[in-house]
Every structure is written in C-alpha cells, then in structure tokens.
Amino acid sequence: FKYKAPFLLGSKASSTIHPLSLSPSLSQMARNKEALLLLLDVGPSMHDILPEIEKVCSMLVQKKLIYHKNDEVGIVLFGTEDTNNELTMEVGGYEHVVVLRHIKVVDGDLGEALQELPRGTVGGDFLDAIVVGMDMFIKKFGPTNKGKKRLCLITNALCPIKDPYEGTKEDQVNTIAAPMTEHGIKMDCIVVRGKHSRNANKRIMEENDLLLSIFSKKSCSKTVYVESPTSLLGALRTRNISPVTVYRGDLELSPKMKIKVWVYKKTSEEKFPTLKKYSDKAPSTDKFATHEIKVDYEYRSVEGPGKVVPPEQRIKGYRYGPQVVPISSAEWEAVMFKPEKSVKLLGFTDASNIMRHYYMKDVYIFIAEPGNTKAILAASAIARAMKEMKKAAILRCIWRKGQGNVVIGVLTPNVSDKDNVPDSFYFNVLPFAEDVREFQFPSFSNLPSSWQPNEQQQEAADNLIKMFNLAPTGQEEALQPDFTPNPVLERFYRHLELKSKHPDAAVPPLDETLKKITEPDPELLSQSKPVIDEFRRRFELKENPKLKKSTRQLLKEKPSGSSEEGEGLGNACNAEAVNFIENASTVKVEKIGDLTPIQDFEAMMSRRDSPDWVSKAIKDMKNKIFDLVQNSCEGDTYHKALECLVALRKGCILEQEPKQFNDFLCQLCKFCQEKSLSSFCDFLASKDIKLITKTEAMDSEITDDEARSFMVKTERKLEQGC
C-alpha cells in the first residue's frame with residue numbers, strides 16, 4: 001500500500017512506538033481529558049469557506065479554555081504548498097501535509113494560529129492527513145487513552161485521492177480503519193459542500209464519499225455533510241460531553257419478565273457557563289490572588305437582632321396562607337416520599353394517542369445493557385413489534401432510590417438501520433393533570449359569517465403558512481436542528497474571547513453567519529414576496545383612531561362603545577368586538593374596580609392563565625351593573641351602567657357566552673320593574689340594546705325577531721304595571 005506508516009509495517013517498525021518508550025506523563029491522561037487533532041483542508045477549492053472554518057475552530061478553542069482547559073489539541077493542514085510531518089522524513093510520501101501545531105494543552109496561542117490559516121496551492125488528499133494524524137496519536141499515547149482521541153476532518157472531498165502502490169483505495173481505507181479501531185481513535189468528518197461543488201467532478205466526489213462511508217462502517221467514525229457556514233457552525237462539536245447514565249437496572253415488563261437496560265440523556269439544553277463573582281479588592285501586585293468571593297449567611301432573631309442564631313436552634317418553615325408552619329428535619333424525613341429505584345411498564349397504547357406537544361423536558365434513550373446478548377435481542381424484538389403495531393409504551397420511572405418525584409413517560413421504538421448499532425428506545429416525560437393548561441379559544445365556525453374569511457382570504461392565508469416551511473419539497477431543510485447552534489451562546493462566546501484580549505472593547509456587530517439564524521433570509525423573502533403581497537391585498541389593514549389617544553383621554557372625550565349622540569350602541573358592538581382582545585390591558589387585573597370597570601373587565605377577559613377568569617369577569621361585571629343601576633340618583637350613573645352593559649355584551653359574543661348575557665338582561669329588566677327603576681329600561685330601549693342573536697353567536701337561541709321585540713315587550717309590561 002502507499003501508506004507505509006510505522007503502525008502498518010512489521011514488528012521492526014512497530015517497535016519504534018512501544019508504549020514503554022513513552023514518557024509516563026505523555027502515555028497516560030486523566031479520564032475526562034480529550035485529545036483532539038484538527039485535520040483542515042486548505043487547498044484552493046476550500047479558500048472561500050476557510051474564513052468560516054477559522055471562526056468555528058477558534059470558537060472550539062475558546063470553549064475548551066472555558067470547559068476543558070486541560071484538553072490537548074493539535075492542528076494538521078493538508079493541501080499546502082510545503083510539507084512538514086514526521087512520516088515524510090521516516091518513510092517518505094505524505095506530501096503537502098503540514099503539522100501546524102503538535103498535540104499539547106490548549107492555550108490562547110492556538111486560537112490565534114487558527115485565525116490566520118495559510119492558503120494552500122494544491123488539492124488536498126484527506127487520506128494522507130488521516131494517516132499523519134493517527135501516527136501523531138499513536139506516537140504520543142500508544143494504546144492508552146482509548147476513546148479519548150478524536151480526529152476532526154474538515155474538507156470538501158472534491159480532490160482526487162492518489163492511487164495506492166498495491167490494491168485498491170477501498171482496501172487502503174480498510175487497512176487504515178483497523179488500527180484506528182484498535183487504538184480507540186474516533187473521527188468526525190465534516191464535508192463542506194456548497195454551490196461551488198455543483199461544478200465539481202462527480203466521479204471523484206462519489207468515490208471520496210464512498211471512502212468516507214467505509215470509515216463509518218469499519219471504525220468509530222461519523223460523516224456529516226453541510227452546505228452553508230451556518231450548518232458548519234453547528235456541525236463541529238465544540239464541546240465534548242461524555243454521556244452519563246441516569247439509570248442502570250431492569251426494565252420490568254412484568255414480575256417475571258425483565259430486561260437489563262441503561263438509560264442516557266439524549267438531549268439537554270445547553271446553558272450559559274456559570275459566571276462567578278469577581279473581587280477587585282486584591283492588590284494588583286499579588287500574583288497568587290484568586291479574586292474569589294466567599295458568601296456567608298447569618299441568621300438573626302427579630303427579637304434579638306444582635307445575636308446570631310446557631311444552626312441547632314433553627315428550623316425550616318413553610319408558608320401556608322398567611323401562616324408559617326415549622327417542620328423539623330425529623331418530621332420532614334418521616335413524611336418524605338421514598339420510592340425504590342425501578343422502571344416499570346404500565347401498559348401499551350396506540351402511538352397516535354400520544355401527541356407531540358405532550359412531551360416535557362429532555363429526551364432520554366433506553367439501550368440494552370452493552371454486551372448482554374439476551375437483553376439486546378429482547379429489546380430489539382419489543383422495539384420492532386411496537387413499530388410494526390404502531391404502539392407506544394407508558395412507563396413509571398424512578399431513576400434512583402429516594403427520588404423525590406415519580407416520572408411518567410412514553411417509550412417509543414428507535415429501530416436501527418445499521419447492522420452494528422442495536423435497536424433502542426426514546427423516552428419522553430409526559431405531564432400529570434396538574435401540568436396541563438387547557439386554553440379554550442372560540443372556533444371561527446362559531447363566529448358570524450361577516451367575520452369569517454372568504455375563499456380568497458383563506459387561500460392567501462394557506463399560502464402564507466406554507467411559505468414558512470423550512471423543508472419545502474425537493475429542497476434541503478433550512479436551519480436543521482442538528483446543525484444550528486444557539487445564536488445567543490455563540491455571540492456570548494465570541495464577545496468573551498474579544499473581552500479577554502481587549503477588556504475595554506465594545507460589543508461588536510452581529511456576525512453574518514449568526515444573522516442568517518436570527519434574521520429573515522433576504523433571498524427567501526424575495527422569493528416569497530408575491531405570497532406576502534397577496535396576503536396584504538386580501539386582508540386590508542386600517543388605522544385604529546382610538547390608539548392615537550390615551551385610555552383616560554378617550555373616556556373623557558367619548559365613552560367606550562358609544563357614539564356622540566349615544567345611538568346605535570347595540571349595532572356598534574358588532575363592529576368593535578373584533579378589537580376587543582387587541583385593546584385589552586396587558587396588566588393582570590384580578591377584579592373590576594370603580595375607576596375603570598370596562599378596562600378591568602376587558603383585561604380579565606383577555607387573561608389566558610386560567611379558564612376561570614372569563615366566568616369571574618362576567619360575574620363581576622354583572623354585579624357592577626346592578627350596583628350602578630341600584631345606587632343611581634336620578635339616573636346619574638345610567639350612562640356608566642350602559643357602557644358596562646355594552647362591554648359585557650361584546651365579551652359574551654367573543655367568548656361564545658350568549659346565554660349569560662341574555663339571561664342577565666332579562667333579569668336586569670325584571671329587577672328594574674321590581675325596584676321601580678323603569679327609567680333605566682326606557683334608557684336601554686332608546687339606545688337599541690338587544691339580546692344576542694344566533695347571527696352573532698351560534699350558541700344563542702334568540703332569533704333576530706325575538707331580539708327586536710324584546711324591548712317592546714318590556715315597555716308594554718312597564719306600562720301595564722303603571
């Protein structure tokens with residue numbers, strides 16, 4: 001073969017890297033440390049994307065300085081004009097491969113080196129770079145540190161691979177993959193392909209893709225393809241998080257059937273790094289100052305504030321209404337729920353019964369116990385049967401003994417399409433009844449026909465929604481979750497790097513790569529402009545003159561829901577009801593006050609943190625109207641009562657509660673008859689206040705004729721009473 005590295009030759013060559021010849025400090029590393037070797041293609045075809053590669057790799061170094069400052073990182077460039085690596089000097093070949101930095105503990109100089117990568121002049125041979133990288137790992141660590149050595153290859157794989165001296169290129173890859181597996185070397189291959197790759201040689205591109213796929217099958221290697229700087233930013237793993245099991249034990253299907261499983265977290269929210277408080281009180285000349293701030297708490301009694309209460313005299317208290325109930329640690333221990341560690345099957349259900357929006361928190365993955373053949377076969381059989389029958393399992397999980405809460409979740413099958421990867425399960429936490437918030441909104445079908453969209457409007461709205469699809473048919477999905485980083489975190493790390501070098505530096509403008517995540521894509525907007533224009537044309541927007549004035553000024557100049565003459569209030573309700581929720585106050589009002597009852601009512605009706613607010617708002621408004629009518633002096637509060645009644649009518653229409661208003665209006669008129677307040681009924685009749693009809697609300701039982709004749713009947717009763 002062309003590749004005659006020491007680890008591919010006979011015993012004579014392999015003796016040069018015997019682990020006994022290595023320094024103990026170099027041949028062994030701490031368990032949680034990683035050795036990373038970046039293999040970067042700097043050939044001519046990569047020049048356009050190299051600025052983005054420099055940013056991404058610099059970010060990787062910055063995160064290692066924060067989270068894993070003891071990790072070791074090296075850099076190998078290929079496609080360069082020069083050649084500088086040990087294999088060339090030892091066995092020859094491996095031209096145009098340069099070791100820019102040997103493997104050593106990460107530092108700030110590494111980040112600076114990555115920001116100014118040289119531009120190569122020849123096509124890069126990624127197999128040469130992989131062998132050079134493997135040789136560096138084996139010479140430095142030998143057979144130790146398995147699973148903690150990682151190659152990261154970034155290339156477009158568009159340049160041809162040199163033919164081997166013997167055999168085929170596929171045989172060559174198989175030969176390289178064997179020692180990779182033997183020495184526990186992992187490899188991440190990021191293939192950057194953009195618009196420029198469309199003119200590349202398809203035969204070479206397909207051949208290189210085949211070679212990379214062999215690595216994925218024969219070694220611990222993973223290949224991803226990206227087409228944009230944004231995807232590149234998310235494809236490179238800047239943080240190496242070691243998976244930790246949350247549970248190891250039995251998956252109990254029945255008292256007599258149990259499967260040994262391990263449970264890991266598959267996804268987890270990436271949060272900001274823990275920021276510590278910094279003290280500048282230490283002398284600037286003190287080189288050993290830690291600048292840490294230590295916080296101590298003291299507890300003092302209200303009766304004796306000058307005396308510190310020792311721990312043995314303190315007891316925890318818990319609020320219960322206005323009281324504080326003391327509970328000792330012994331009492332708390334006695335009542336504490338202490339379940340035993342277990343994962344039990346409660347039953348199976350159709351997968352269609354579990355909605356996606358039921359999922360809570362992070363996703364877990366269940367795998368059969370590694371090396372346990374019986375467990376692997378049993379888990380695979382159940383997973384494939386569940387997939388075939390479209391079933392999901394409901395589990396009760398207690399990850400550890402004494403866990404304070406029991407987890408109920410759904411287990412869904414994850415059938416593997418690779419021969420060397422066993423089947424597994426995904427687990428998602430389901431909500432309890434107390435976790436569910438049911439927000440009820442009136443259906444468009446229950447609204448009056450005048451409020452419903454016509455066919456043209458519906459079509460325009462449908463097209464607008466389809467435009468938002470990030471994965472249209474025949475196109476690559478934009479902003480793929482696997483390759484889209486958190487822009488807030490990325491911006492934070494870049495600013496942190498800048499501040500570490502220049503403490504007084506201002507916040508820089510948003511990077512173009514992050515703009516593609518946080519801002520609309522101009523190209524997509526231009527393509528979708530006809531759809532947006534059509535939607536605007538079908539839904540005409542008019543300026544609301546009320547929004548120009550403050551609420552208080554509006555109440556003084558023109559009562560809510562009424563005209564200057566005070567006529568046609570009932571009909572005005574229909575025209576203005578659509579703005580009801582829009583103009584509602586954002587303040588969380590809990591009762592209707594005397595100063596602004598209408599605004600308080602609208603605010604309560606618009607609250608969606610509990611379904612009880614609507615009924616409470618209607619009830620309180622009814623009481624307010626009764627009070628205004630009953631306590632009026634010669635009709636001085638009739639106008640305010642009328643405004644409240646109009647607001648109540650609008651709210652009942654929007655919330656599809658016509659019976660509430662209609663029953664109340666009948667009750668109010670009857671109340672006026674009994675209390676000799678017929679003047680208020682006359683006042684309502686003059687303002688054309690009517691019952692809510694079926695045309696306005698589908699749930700109403702009142703026809704238009706009945707609504708028009710309501711006040712006429714009321715007036716007749718009043719005349720007969722007189």
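Residues numbered from 1 in each chain as written. Predicted model: local features only at pLDDT ≥ 70, side-chain atom pairs only at ≥ 80, totals over all residues. Heavy atoms only, no water.

Engineer: Please clarify how the pairing of strand 4 (residues 149–155) should be interpreted in this entry.
Structural biologist: Consecutive side chains of a regular strand alternate in pointing toward one face of the sheet and then the other. Burial analysis of strand 4 places 7 of its 7 residues in the buried class, the great majority of the element. Side chains Lys149, Leu151, Leu153 and Thr155 project from strand 4 onto one buried face, and the interleaved Arg150, Cys152 and Ile154 project onto a second face that is buried too. By the bridge criterion, 6 bridges tie strand 1 (residues 35–41) to strand 4 in an arrangement that is parallel. When the sheet's bridge partners are listed, Ala35 is paired in strand 4 with Lys149. Bridge count for strand 4 against strand 5 (residues 185–192) is 7 bridges, and the pairing is parallel. Residue pairing for strand 5: Cys152 is matched across the bridge by Asp188. Tracing the backbone out of strand 4, into helix 7 (residues 169–182) and back to the parallel element strand 5 gives a crossover that is right-handed. (Buried < 20%, exposed > 50% of the residue type's maximum accessible area, 1.4 Å probe, protein only. Helix = DSSP H or I, 4+ residues; strand = E, 2+ residues; numbered from the N terminus. Pairing = 2+ DSSP bridges. Right-handed = clockwise from strand over helix to strand, strands pointing away.)

Engineer: Could you clarify how one ought to interpret a nonpolar patch on the surface in this entry?
Structural biologist: Taken together, Ile293, Val295, Tyr297 and Tyr299 make up a surface patch of nonpolar side chains, about 460 Å² in accessible area. One can find Tyr299 in the loop between strand 8 (257–265) and strand 9 (316–320). (Patch = residues over 30% accessible without salt bridge, like charges linked within 9 Å, V, L, I, M, F, W, Y side chains within 5 Å. Areas by Shrake-Rupley, 256 points an atom, 1.4 Å probe, with all protein chains shown as cover. Salt bridge = Lys/Arg side-chain N within 4 Å of Asp/Glu carboxyl O.)

Engineer: What should I look at first to understand a positive patch on the surface in this one?
Structural biologist: A cluster of basic side chains, namely Lys195, Arg198, Lys202 and Lys516, defines a positive patch on the protein surface. Take Arg198: it is sitting in the loop between strand 5 and helix 8 (202–218). (Lys, Arg positive; Asp, Glu negative; His and termini not counted. Charge placed at Lys NZ, Arg CZ, Asp CG, Glu CD.)

Engineer: Is there a simple way to think about the sheet that holds strand 3 (residues 97–105) in this case?
Structural biologist: Neighbouring strands of a sheet are bound in pairs by backbone hydrogen bonds; such pairs are parallel or else antiparallel. An order of 3-2-1-4-5-6 is seen for the 6 strands of this open sheet, with the pairing classed as mixed. A single partner strand is all that each edge strand has here, and the edge strands are strand 3 and strand 6 (221–226). Strand-to-strand twist in this sheet, taken as the mean axis angle between neighbours without regard to direction, amounts to 15 degrees. Relative to strand 6, strand 5 is paired through 6 bridges, and the arrangement is parallel. Opposite Ile190, over in strand 6, you have Val224 as the bridge partner. Contacts between helix 6 (residues 126–141) and the sheet are confined to strand 1, strand 2 (72–78), strand 3, strand 4 and strand 5, with strand 3 contributing the most and set at about 30 degrees to the helix. Running at roughly 140 degrees to strand 6, helix 8 makes contact with strand 4, strand 5 and strand 6 of the sheet. (Axes fitted to C-alpha atoms, helices over the stretch in contact; angles between N-to-C directions. Contact = heavy atoms within 4.5 Å.)

Engineer: Explain a negative patch on the surface to me, please; I cannot follow it from the model alone.
Structural biologist: Residues Glu227, Glu476, Glu477 and Asp482 make up a contiguous surface patch of negative charge. As for its placement among the helices and strands, Glu227 is situated in the loop between strand 6 and helix 9 (229–235).

Engineer: Sorry, what's going on with empty space enclosed by the protein here?
Structural biologist: Any empty space left between atoms is shown by rolling a water-sized probe over those atoms. Throughout the structure, instances matching the rule amount to 3 cavities of 30 Å³ or more. Taken as a whole, the largest cavity encloses approximately 60 Å³ of empty space. The wall of the largest cavity is formed by Leu251, Leu253, Ile259, Leu345, Phe348, Ile382, Met386, Ala393, Leu395, Leu411 and Phe425. If you list the elements that add at least two residues to the lining of the largest cavity, you get strand 7 (245–254), strand 11 (342–350), helix 11 (373–389) and strand 13 (391–398). Residue classes in the lining of the largest cavity are distributed as 11 nonpolar, no polar and no charged. (1 Å grid on protein atoms, 1.4 Å probe; cavity = no way out; pocket = protein on both sides within 12 Å on 5 of 7 lines; lining within 4 Å. Points joined across faces, edges and corners; volume = space filled by probe spheres on them. Nonpolar A, V, L, I, M, F, W, Y, C, P; charged D, E, K, R; others polar.)

Engineer: Got a minute to help me understand the pattern of salt bridges in this structure?
Structural biologist: Once their charged atoms are close, side chains differing in charge can pair, the charge on each being opposite to the other. What the rule picks out here adds up to 35 salt bridges. Taking the shortest distance from any N to any O, the salt bridge between Asp362 and Lys265 comes out at 3.1 Å. Taken as a pair, Asp362 in strand 12 (residues 360–368) and Lys265 in strand 8 lie far apart in primary sequence, 97 residues in all. A salt bridge links Arg494 to Asp511; the shortest N-O distance between them is 3.2 Å. Within this pair, whereas Arg494 is found in helix 13 (residues 487–501), its partner Asp511 is found in the loop between helix 13 and helix 14 (512–518), the two being separated by 17 residues in sequence. By relative accessible area, Arg494 is classed as buried at 17%. Residue Asp511 is classed as buried on the basis of its relative accessible area, which comes to 15%. What emerges from the salt-bridge pattern is a single network uniting Glu34, Lys64, Asp71, Arg150 and Asp188.

Engineer: So what exactly am I meant to see when it comes to the side chain of Arg101 here?
Structural biologist: Relative to the assigned elements, Arg101 resides in strand 3. Side-chain polar atoms of Arg101 contact the backbone oxygen of Val73, separated by 3.5 Å. At a separation of 2.8 Å, a polar atom in the side chain of Arg101 contacts the main-chain carbonyl oxygen of Val105. (Polar contact = N/O pair within 3.5 Å; in protein donor to acceptor, adjacent residues only side chain to side chain.)

Engineer: Looking at this structure, how should I read the sheet that holds strand 7?
Structural biologist: In spatial order, the strands read 7-8-12-15-14-13-11; together these 7 strands close into a barrel with mixed pairing. Sheet twist, expressed as the average angle between the axes of neighbouring strands with direction ignored, equals 35 degrees. Examined bridge by bridge, strand 13 and strand 14 (residues 407–414) share 5 bridges and lie antiparallel to one another. Paired with Cys397 across the strands is Val407, a residue of strand 14. Against the sheet, helix 11 engages strand 7, strand 8, strand 11, strand 12, strand 13, strand 14 and strand 15 (424–429), with an angle of about 80 degrees to strand 8.

Engineer: Is there a simple way to think about helix 6 in this case?
Structural biologist: In an α-helix, one turn spans 3.6 residues, which is why side chains three or four residues apart end up on the same side. In this model helix 6 runs 22 Å from its N-terminal to its C-terminal C-alpha over 16 residues, within 8% of the 22 Å that 1.5 Å per residue would give. N-cap assignment for helix 6: the residue whose side-chain oxygen lies 3.1 Å from the backbone N of Leu127 is Asp125. Just downstream of helix 6, Gly142 is the residue with a positive phi angle, here 65 degrees. (Expected span 1.5 Å × (residues − 1).)

Engineer: Which parts of the structure should I look at to understand the pairing of strand 7?
Structural biologist: Here strand 7 pairs with strand 8 via 8 bridges, running antiparallel. Residue pairing in the sheet places Glu252 in a bridge with Lys258 of strand 8. From the end of strand 7 to the start of strand 8, which pair antiparallel, there are 2 residues. Both strand 7 and strand 11 contribute to a ladder of 2 bridges, which runs parallel. Within strand 11, the position partnered with Leu251 by the bridge is Val343.

Engineer: I tried to follow unusual backbone geometry on my own but got confused; where do I start?
Structural biologist: Where the residue is not glycine, phi is negative for most of them; where a peptide bond is considered, it is trans in most cases. A positive phi is found at Tyr94, a non-glycine position, where the angle reads about 55 degrees. Mapped onto the fold, Tyr94 is located in the loop between helix 4 (86–91) and strand 3. Overall, the relative accessible area of 4% leaves Tyr94 in the buried class. Of note in this structure, His96 is not a glycine but carries a positive phi near 60 degrees.

Engineer: Looking at this structure, how should I read helix 22 (residues 658–674)?
Structural biologist: In a regular helix each residue adds 1.5 Å, so 17 residues correspond to 24 Å; helix 22 covers 24 Å between its end C-alpha atoms and thus fits that length. Count one or two residues on from helix 22 and you reach Ser676, which has phi positive near 60 degrees.

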